[in-house]
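Architecture at a glance
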Amino acid sequence: MTAEESKILQEHLQAAAAILLKNTPKEQLKDFASIELAVRDHVSKSARKNPTMLK
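Residues numbered from 1 in each chain as written. Predicted model: local features only at pLDDT ≥ 70, side-chain atom pairs only at ≥ 80, totals over all residues. Heavy atoms only, no water.

1. Description of the overall build of the protein
What the protein contains, in helices and strands, is two helices and zero strands. Across its three principal directions, the C-alpha atoms of the protein cover 35 × 25 × 20 Å. Within the structure as shown, the protein displays about 4900 Å² of accessible surface, and the carbon and sulfur contribution to it stands at 61%. (Helix = DSSP H or I, 4+ residues; strand = E, 2+ residues; numbered from the N terminus. Areas by Shrake-Rupley, 256 points an atom, 1.4 Å probe, with all protein chains shown as cover.)

2. Brief notes about the environment of Lys 30
Locating Lys 30 in the fold gives a position in the loop between helix H1 (3-22) and helix H2 (32-49). Residue classification places Lys 30 among the exposed residues on the basis of a relative accessible area of 68%. Sequence-wise, Lys 30 and Thr 2 are 28 residues apart; in three dimensions their C-alpha atoms are separated by 34 Å. (Buried < 20%, exposed > 50% of the residue type's maximum accessible area, 1.4 Å probe, protein only.)

3. Regarding H2
Spanning 18 residues, H2 covers 26 Å between terminal C-alpha atoms, matching the ideal 26 Å at 1.5 Å per step. At the N-terminal boundary of H2, the capping side chain belongs to Asp 31, with an oxygen 3.2 Å from the backbone nitrogen of Ala 33. (Expected span 1.5 Å × (residues − 1). Polar contact = N/O pair within 3.5 Å; in protein donor to acceptor, adjacent residues only side chain to side chain.)

4. Quick notes on the pattern of salt bridges
Under the definition given, this model contains two salt bridges. Note that Glu 36 and Arg 40 form a salt bridge whose closest N and O atoms lie 3.0 Å from each other. Highlighted residues: Glu 36 and Arg 40, both in helix H2, separated by four residues, approximately one helical turn. Asp 41 serves as the salt-bridge partner of Lys 45, at 3.2 Å between the closest nitrogen and oxygen. Here Lys 45 and its partner Asp 41 are both found in helix H2, four residues apart, which amounts to about one turn of the helix. (Salt bridge = Lys/Arg side-chain N within 4 Å of Asp/Glu carboxyl O.)

5. Topic: the environment of Leu 21
Relative to the helices and strands, Leu 21 is located in helix H1. Residue class for Leu 21 comes out partly exposed when judged on its relative accessible area of 48%. Sequence separation between Leu 21 and Ile 35 is 14 residues; the distance between their C-alpha atoms is 9.2 Å.

Structure, rendered in structure tokens:
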């Protein structure tokens, strides 16, 4: 990954994190394991709605 790609990836991850934080119940943000499960749930729901996003 180039430095430019790394920078773009970081920007996109920060934007995604802000969206996920806004749309995740506070009780799911208490520890890393709960946060990881919430992220997986959001991502899997999105992937099921739009399977081509993973190609």
